[in-house]
Amino acid sequence: MADAAKAKGNAAFAAGKYEEAIRHFTEAINLAPDNHVLYSNRSAAYASLQQYDEALTDAQKTVDLKPDWSKGYSRLGAAHVGLRHYDDAVSAYKKGLEIDPNNEALKSGLKDAESAASRYRGPPPGAASPFGDAFSGPEMWAKLTADPSTRGYLQQPDFVRMMQDLQKNPGNLSMYLKDQRVMHAIGVLLNVKIMTPNSGEDADAPDVQPSPSSDRKRPAEAEPPKEKEQPAPEPEPEPEPMEVTVEEREARGRKEQAQKEKEAGNVAYKKKDFETAIQHYTKAIELDDEDISFLTNRAAVYLEMGKYDECVKDCDKAVERGRELRSDFKMIARALTRKGTALVKMAKCSKDYEPAIETFQKALTEHRNPDTLKKLNDAEKAKKELEQQEYFDPKVADEEREKGNEYFKEQKYPEAVKHYTEAIKRNPNDPKAYSNRAACYTKLGAMPEALKDAEKCIELDPTFSKGYSRKGAIQFFMKEYDKALETYQEGLKHEPQNQELIDGVRRCVEQINKASRGDLTPEELKERQAKAMQDPEIQNILTDPVMRQVLIDFQENPKAAQEHARNPLVMNKIQKLVSAGIVQIK
């Protein structure tokens, strides 16, 4: 329930519906009051509405719940900046950087807070520039985002660049006064109604400077009529601002039309009308080349149509253009992931997967997305499987196995292992190669490797008696006589007259009976018990309360012992303990 409310809050926040987002986040908090992320999200929503006291309360709660979460300090710093508590903001950002020294958002926030603090402490209040305060810190972006009339400007890269420059250098304002969007933004930031920009820099100053501090709190009653009366007649005779405005209006119109084309393309894509979708996305690209989502969407259509070369080309263009525009790293990652998917579809041999794998890896460096990681793992797995298929050659495998046999006869076991390994690579389904390599490993004393090969041999062919004799011999050599006995007996089910398996059973029984009779030397008994105690199965038997009672009954209660002796499962466990030298039956 809390996750659902959180998701609704995130959606409302992304749509700029901050009051609705606050309601959903509050609902989620009521359901999960200890979730620090919910307080962080609500703090951001409050800040977007310039309700900085509430934003500060939620940010502080976030930090209290999760002191080691750097993002909480980012929220705390932004709230302090909104309240003009610049020193507190600096402290919050520094605390966050102690936790995450490479966090770019914290670094940027600290820089803005320090700059604002310096300006705030510097000149006297009467001489302070209202524009410097207006452009300071994240408060500026929050105000522009909250106001519907300026929210759309934030989607325009040239406007964002101008505002970023004004944040760093408020003195550069004169360079942008002819841009109507900048003048509109200044009006929003200072709560001053500026209908149109004046043509000259000298004419702009009187409109803003008379009472900057009071204008930010409430509009002056006498000033707005003058502002409306004075600038209204002046813009018309000036041709230059009108020319700029027309160009901007045309550019804005193209962007809006491009978005409409994208939406139409999305509708067509969902209907599987790919040709129509291509037409709409292509038109959107022609209208606006500063939004790479048009390219990635068209690439997705090409991918569905099986036109993988075109998909790759669009993705490459999106990555190149995205880097020029410094687009969101998630968009770059999306384009790279889509390209990698197309390359996987085009792969016909194991080497064809290499560029796809490299592309997925690049995408993960941009943004670590679980879907991209899964695609990378799948591509690596497919490449490995294809490599095995391409290397598969039963004829060469038989030749390598025969070479291994020759070296084995000459007691050159390392060389034999080398040829048996090559035989397995050439034909991984041949149980004989695993059986022969297991014999080599046994000679070399590499018992774990030998046991693994013997088990693989049986897995490939459960009826191959040689696999059981190999495995039993290895277990016998490792003094696991009860396990060896089980292996030999399992092999006899498939070939009852196999003399090698019969002899193996006899040897195991002799060793087990030797332990039962107490014929082991103290050293042998100690060694066998120590080895048995490392066996998880023996450990489970000894720690089982039922079996512990059974052992006590065998010592102290003959009648109960007779009942236990009729239970095959109990006697099987008793036999394992006897074989291990843990208990003796007299």
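Positions within a chain are numbered from 1, following the residues in the order the chain's sequence is written. Restriction of local features to residues with pLDDT of at least 70 applies here, the model being predicted, together with a cutoff of 80 or more for giving and counting side-chain atom pairs; totals for whole chains, interfaces and linings are based on all residues. Side-chain numbers come from the whole structure's heavy atoms, not from hydrogens or water.

## Details of the overall build of the protein chain
For helices the rule is a DSSP run of H or I covering at least 4 residues; for strands it is a run of E covering at least 2, with both sets numbered from the N terminus onward. Helix and strand counts for the protein chain come out as 34 helices and zero strands. Only protein chains enter the accessibility calculation, which uses a 1.4 Å probe; a residue is then buried when its area is under 20% of its type maximum, exposed when over 50%, and partly exposed in between. For the protein chain, the proportion of its 586 residues judged to be buried stands at 42%. Taking contacts inside the protein chain between residues at least 6 apart in sequence as the whole, the part at least 24 apart equals 52%. Throughout, the Shrake-Rupley method with a 1.4 Å probe supplies accessible areas, and for residues the shown protein chains are the sole cover considered. Carbon and sulfur atoms make up 50% of the accessible area of the protein chain, which amounts to about 32800 Å² in all. We call two residues in contact whenever any of their non-hydrogen atoms come within 4.5 Å of each other.

## Comments concerning unusual backbone geometry
Non-glycine residue Arg326 carries a positive phi angle of around 55 degrees. Relative to the assigned elements, Arg326 resides in the loop between α19 (308-325) and α20 (329-346). We classify Arg326 as exposed; its relative accessible area is 77%. Despite not being glycine, Gln411 has its phi angle at roughly 60 degrees, a positive value.

## Thoughts on the packing of aromatic side chains
Aromatic pairs are defined between Phe, Tyr and Trp rings, using the six-membered ring for Trp, whenever the two ring centres lie within 6.5 Å; interplanar angles under 30 degrees are classed as stacked, those over 60 as edge-to-face, and all others as tilted. The tally for this structure, following the rule as stated, stands at five aromatic pairs. Aromatic side chains Phe476 and Tyr481 sit 5.0 Å apart centroid to centroid with 65 degrees between the ring planes, which places their arrangement in the edge-to-face category. A cation sits over an aromatic face here: Arg426 above Tyr391, 3.7 Å from the ring centre. To sit over a ring, a charge needs its Lys NZ or Arg CZ within 6 Å of the ring centre and within 35 degrees of the ring normal. One Lys or Arg, Arg507, reaches over the ring of Phe476 and ends 5.5 Å from the middle of that ring.

## Quick notes on the pattern of salt bridges
Salt bridge criterion: a side-chain nitrogen from Lys or Arg within 4 Å of a carboxyl oxygen from Asp or Glu. As enumerated under the stated definition, the model contains 28 salt bridges in all. Close ionic contact of Asp314 with Arg298 constitutes a salt bridge, the shortest N to O distance being 2.7 Å. With a gap of 16 residues between them, Asp314 in helix α19 and Arg298 in helix α18 (residues 293-305) connect regions that are remote in the sequence. Its relative accessible area of 3% is what places Asp314 among the buried residues. By relative accessible area, which is 11% here, Arg298 ends up buried. Of the charged contacts in the structure, one is a salt bridge between Glu387 and Lys383, with a shortest N-O distance of 2.6 Å. In this pair, Glu387 and Lys383 are both assigned in helix α22 (residues 370-391), four residues apart and thus about one turn of the helix distant. What makes Glu387 partly exposed here is its relative accessible area of 35%. Among the charged side chains, a network of salt bridges with common partners joins Lys255, Asp288 and Glu290.

## Considerations on the layout of surface pockets
Each pocket or cavity is described by its volume, and for the largest pocket that value is around 1500 Å³. Using a 1 Å grid laid over the protein atoms alone, points where a 1.4 Å probe fits but cannot get out form a cavity; open sets with protein on both sides within 12 Å along at least 5 of 7 lines form a pocket; any residue with an atom within 4 Å of a point counts as lining. Lining the largest pocket are 43 residues; nearest its centre among them are Ala105, Ser108, Pro138, Trp141 and Ala142. Looking at the lining of the largest pocket, the elements with two or more residues in it are α1 (2-14), α3 (36-48), α4 (52-65), α5 (70-82), α7 (104-121), α9 (137-146) and α11 (157-168). With eight residues, α7 is the largest single contributor of residues to the lining of the largest pocket. Three classes are used, and their members are as follows: Ala, Val, Leu, Ile, Met, Phe, Trp, Tyr, Cys and Pro are nonpolar, Asp, Glu, Lys and Arg are charged, and the others, Gly among them, are polar. Its residues placed into classes, the lining of the largest pocket shows 19 nonpolar, 14 polar and 10 charged. In this structure, the second largest pocket occupies an estimated 1000 Å³ of space. Lining the second largest pocket are 26 residues, and of these Leu154, Gln155, Gln156, Pro157 and Val160 sit closest to its centre. The set of elements that each furnish at least two residues to the lining of the second largest pocket consists of α11, α16 (239-270) and α19. A per-element tally of the lining of the second largest pocket places α16 first, with five residues. Partitioned by chemical class, the residues of the lining of the second largest pocket number seven nonpolar, eight polar and 11 charged. Grid points are joined across faces, edges and corners, and a volume is the space filled by probe spheres set on the points.

## So, the side chain of Asn297
With respect to the element layout, Asn297 can be found in helix α18. Polar contact is defined as a pair of N or O atoms within 3.5 Å, subject to the rule that within protein one atom must be able to donate a hydrogen and the other to accept it, and that residues adjacent in sequence are counted only when both atoms are side-chain atoms. Within polar-contact distance, the side chain of Asn297 engages the side chain of Asn266 at 3.3 Å. In contact with Asn297, not counting residues within four places along its chain, are Lys262, Asn266, Tyr281 and Arg338.

## With respect to the packing of helix α21 (residues 353-366) against α22
The geometry of a pair of packed helices is captured by two quantities: the angle between their axes and the separation between those axes. Running from N to C, α21 and α22 point in directions that differ by 160 degrees, and their axes come no closer than 9 Å. By the criterion of interaxial angle, the relationship of α21 to α22 is roughly antiparallel. Here α21 and α22 pass one another in a crossing that is left-handed. Side by side, α21 and α22 meet where Tyr353, Glu354, Ile357, Phe360, Gln361, Ala363 and Leu364 of the first sit next to Thr372, Leu373, Lys375, Leu376, Ala379, Glu380, Ala382, Lys383 and Leu386 of the second. Partitioned by chemical class, the residues of the contact of α21 with α22 number 10 nonpolar, two polar and four charged. In this analysis, axes come from line fits to C-alpha atoms, helices being fitted only over the stretch in contact, and the angle between any two N-to-C directions falls in the range 0 to 180 degrees. By the definition adopted for this analysis, an angle is roughly parallel if under 35 degrees, roughly antiparallel if over 145, roughly perpendicular if from 65 to 115, and oblique otherwise. Handedness of a helix crossing follows the sense of rotation of the near helix relative to the far helix, less than a right angle counterclockwise being left-handed and clockwise being right-handed.

## Regarding the environment of Ser327
In this fold, Ser327 is placed in the loop between α19 and α20. Using a relative accessible area of 22% as the deciding quantity, one classes Ser327 as partly exposed. Residues Ser327 and Ile292 lie 35 residues apart in sequence; the distance between their C-alpha atoms is 8.0 Å. Setting aside residues up to four positions removed in sequence, Ser327 forms contacts with Ile292, Gly322 and Ile332.

## Description of helix α34 (residues 568-579)
Here the expected length of a helix is defined as 1.5 Å per residue gap, with one fewer gap than residues. With 12 residues, α34 should reach 16 Å at 1.5 Å per residue; the first-to-last C-alpha distance of 16 Å fits that figure. Inspection of α34 places Val570, Ile574, Lys576, Leu577, Val578 and Ser579 among the buried residues, and these make up the whole buried set.

## What to know about the confidence of the model for the protein chain
For the protein chain, mean pLDDT is 82; residues scoring 70 or higher make up 85% of the total. The pLDDT value tells you how sure the predictor is about a given residue, anywhere from 0 up to 100. In the predicted structure, residues 122-130 sits below a pLDDT of 50 and forms four contacts with residues beyond four places in sequence or in another chain. Ignoring residues within four places in sequence, the model shows residues 196-244, a span with pLDDT below 50, making 42 contacts including any to other chains.

## Description of helix α12 (residues 180-190)
With nine of its 11 residues buried, α12 lies for the most part within the structure. Those residues of α12 that sit buried are Arg181, Val182, Met183, Ala185, Ile186, Gly187, Val188, Leu189 and Leu190.

## Section: the nonpolar core
Core analysis: the biggest nonpolar cluster contains 17 residues, and Ala21, Ala55 and Leu76 have the highest contact counts within it. Looking at this core, the elements that each hand over two or more residues are α2 (18-31), α3, α4 and α5. Take this core: its biggest share by element is five residues, from α4. Beyond its immediate chain neighbours, meaning those up to four positions away, Leu76 contacts Leu56, Ala59, Gln60, Val63 and Ala92. Among buried residues, the Ala, Val, Leu, Ile, Met, Phe, Trp, Tyr and Cys ones that are joined through side-chain atoms within 4.5 Å form a nonpolar core. Counting residues in hydrophobic clusters, the runner-up holds 16 residues, among them Leu166, Val182, Ala185 and Leu190.

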